[in-house]
Amino acid sequence: MTNSADTTVDDPHTRRILDLVARGEARSRTELAALLGVAASTVGLRVQSLLDAGVLREAGDGTSRGGRRPRVLQIAADGFVLSADLGGGHARIGRHSLSGALLDSESIAVDVTEGPEATLDRLAVVFDRLTSTGRVHAIGISLPGPVDIATGSVDQPSRMPGWPGFRVGEHLSTRYGVPVAVDNDANLAALGEHRERFGHTGHSITVKAGTAIGSGIIVDGRVHRGATSAAGDITHTRIDGSGDIPCSCGNTGCLETVASGASLVRQMRERGSDSVHTTTDVLSLARDADPLATTLVRTAGTHLGQALSGVVNFFNPHAVFLTGSMSASEPFIAAVRSRVYEACHPLATQRLRIESATTGADAILHGAARLALEGMDLPVATA
């Protein structure tokens, strides 16, 4: 038998082996074979290839159930993936084990208007420091705009001069010699939260409600992007009775104009609250029972619930998760729940959960790491 560490394929058994070991569901070759329903020899070949690649390691002997004691399998401690959540003025960077667990993270200031190369150079300073502590196997990065998955570049972004068509994934892959997965922030937040809650099964929607609004859709544990990667873009759903406020898309009355954090700031200032400058300011006033702020926050939740109700009726997910700064407001979440349950068919909401995301500010990093792990080159042994 010869092991080919240079042969990489999208082998479902190899990826499933890595996932089962990472999640602690299997600790030996025998347990893997039983869970996968394949021959022990098939598992043995793939496990050996992962050991040779430094992705798995053996950690002593397990408990014998008759015969020789099995070798315990673990995720290699010195291998990791990197993640980055790139925003307009800041970036959050994470280092993860090969199980996807977030080991540490830090935030740095960036300015995407400087262009892609200058911005990515700032990320690289942190990446370079983190790669000195072990072997990096893959990188996942979130971009603040529509992403062309095939090219790893932003597609028609706003306020990102020089970025359209720039192949972020290819640029970083050339620099670090590893696969780089690229997607937008809403999709990765959805992937990160879903995998924490449901693993590789189930359906969910995650809405990122902050200064702006975005959402990601997960079908059977995987991101659903649609024909042109525009799936989940509820921010431009027209809202009845929302007036004729112009939206950035060119239409009027979009969800973004009445339910986003930026819209709440605008509405507060239009009503004389000149001290309000950010979404946080509005939410702080709502927490202090300011009547206007509380009303606006509840109304925003109702509008979001209206937009989501059609999606829930059509898609019938297991859960709707809310993340972003607005998700910290209980009146906002309560209004979303109330409107969805009122407007949807009882069968669509029979088992539906609507709640805050548990991954919080790290949702996008978790999702970027998961996407990177899925795109990681995994060698397959050939006999």
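Above this text sits the structure in question.
Residues numbered from 1 in each chain as written. Predicted model: local features only at pLDDT ≥ 70, side-chain atom pairs only at ≥ 80, totals over all residues. Heavy atoms only, no water.

(A) Structural view of the overall build of the chain. Looking only at helices and strands, one finds 13 helices and 14 strands in the chain. For 383 residues, the compact-globule estimate of 2.2 N^0.38 gives 21 Å, and the chain sits close to it at 23 Å. Overall, the chain is about 75 × 50 × 40 Å in size when its C-alpha atoms are taken along their principal axes. The 383 residues of the chain split such that 49% are buried. Across the chain, every contact between residues at least 6 apart in sequence was considered, and the portion connecting residues at least 24 apart equals 60%. In the structure as shown, the chain presents an accessible area of about 17,200 Å², 48% of it carried by carbon and sulfur atoms. (Helix = DSSP H or I, 4+ residues; strand = E, 2+ residues; numbered from the N terminus. Rg over C-alpha atoms; globule rule 2.2 N^0.38 Å. Buried < 20%, exposed > 50% of the residue type's maximum accessible area, 1.4 Å probe, protein only. Contact = heavy atoms within 4.5 Å. Areas by Shrake-Rupley, 256 points an atom, 1.4 Å probe, with all protein chains shown as cover.)

(B) Broad picture of helix H8 (residues 261-270). If you check which residues of H8 are buried, you get Gly261, Ser263, Leu264, Val265, Gln267 and Met268. Residues of H8 that are buried in the fold lie against helix H7 (255-259), helix H9 (279-287) and helix H10 (291-315). A positive backbone phi angle near 100 degrees is found at Gly272, which sits one or two residues after H8.

(C) How the structure looks around the pattern of salt bridges. Scanning the model with the defined rule gives 19 salt bridges in all. Ionic pairing is found between Asp183 and Arg225, a salt bridge with its closest N-O pair at 2.8 Å. Of this pair, Asp183 sits in strand S9 (residues 180-184) while Arg225 sits in the loop between strand S12 (222-224) and H7, and the two are 42 residues apart along the sequence. Under the relative-accessibility criterion, Asp183 is labelled buried at 1%. The network of salt bridges with shared partners includes Glu193, Arg197, Arg353 and Glu355. (Salt bridge = Lys/Arg side-chain N within 4 Å of Asp/Glu carboxyl O.)

(D) Local environment of H10. With 25 residues, H10 ought to run about 36 Å at 1.5 Å a step, and its terminal C-alpha atoms sit 35 Å apart, in line with that. Largest kink in H10: about 30 degrees, centred on Leu308. Measuring from the backbone nitrogen of Leu292 back to the side-chain oxygen at the start of H10 gives 3.2 Å, which picks out Asp290 as the cap. Taken from the residues just after H10, Asn316 is the one with a positive phi, measuring 55 degrees. (Expected span 1.5 Å × (residues − 1). Bend = angle between axes of the 7 residues up to and from the residue. Polar contact = N/O pair within 3.5 Å; in protein donor to acceptor, adjacent residues only side chain to side chain.)

(E) Spatial organisation of the packing of H8 against H9. In contact at an axis separation of 8 Å, H8 and H9 are set at 70 degrees when each is read in the N-to-C sense. Comparing their axes, H9 and H8 come out roughly perpendicular. Residue-level contacts link Gly261, Ala262, Leu264, Val265 and Met268 of H8 to Thr279, Val282 and Leu285 of H9. When grouped by side-chain class, the residues that make up the contact of H8 with H9 number six nonpolar, two polar and no charged. (Axes fitted to C-alpha atoms, helices over the stretch in contact; angles between N-to-C directions. Parallel < 35°, antiparallel > 145°, perpendicular 65-115°, else oblique. Nonpolar A, V, L, I, M, F, W, Y, C, P; charged D, E, K, R; others polar.)

(F) Up close: the sheet that holds S12. Here five strands make up an open sheet; going across it, the order is S12-S11-S10-S13-S14 and the pairing mixed. Of all strands in the sheet, those bounded by a partner on one side alone are S12 and strand S14 (353-356). The average angle at which neighbouring strand axes cross in this sheet is 25 degrees, direction not considered. Pairing of strand S11 (residues 213-219) with S12 involves three bridges; the strand directions are antiparallel. Bridge pairing in S12 places Val219 opposite Arg222. (Pairing = 2+ DSSP bridges.)

(G) Up close: the state of the cysteines. According to the stated counting rule, one finds zero disulfides in the structure shown. In this structure Cys249 is a free cysteine whose sulfur lies 3.7 Å from that of Cys254, the closest cysteine sulfur available. (Disulfide = S-S within 2.5 Å.)

(H) Geometry of the environment of Arg159. Within the secondary structure layout, Arg159 lies in the loop between strand S8 (153-154) and helix H5 (168-176). Since its relative accessible area comes to 70%, Arg159 is described here as exposed. Sequence separation between Arg159 and Ser309 is 150 residues; the distance between their C-alpha atoms is 31 Å. Discounting residues that sit within four places of it in the chain, Arg159 has contacts with Val112 and Thr113.

(I) Local environment of unusual backbone geometry. At Ala289, a residue that is not glycine, the phi angle is positive and equals roughly 65 degrees. Within the fold, Ala289 resides in the loop between H9 and H10. Even without a glycine there, the phi angle at Asn316 is positive, about 55 degrees. Among the structural elements, Asn316 can be located in the loop between H10 and strand S13 (319-323). According to the relative accessible area criterion, Asn316 is partly exposed, its value standing at 40%.

(J) Fine view of the sheet that holds S9. Taking strand neighbours across the sheet as the criterion, the five strands line up as S5-S4-S3-S6-S9 in an open arrangement whose pairing is mixed. Of all the strands in the sheet, the pair left with one neighbour each is strand S5 (102-109) and S9. Strand-to-strand twist in this sheet, taken as the mean axis angle between neighbours without regard to direction, amounts to 15 degrees. Sheet topology note: the strand S4 (residues 90-97)/S5 ladder contains seven bridges and is antiparallel. Within S5, the residue paired with His90 across the bridge is Ala109. Each of strand S3 (79-86), S4, S5, strand S6 (135-143) and S9 is contacted by helix H13 (residues 363-375), which is oriented at about 130 degrees to S3, the strand it contacts most.

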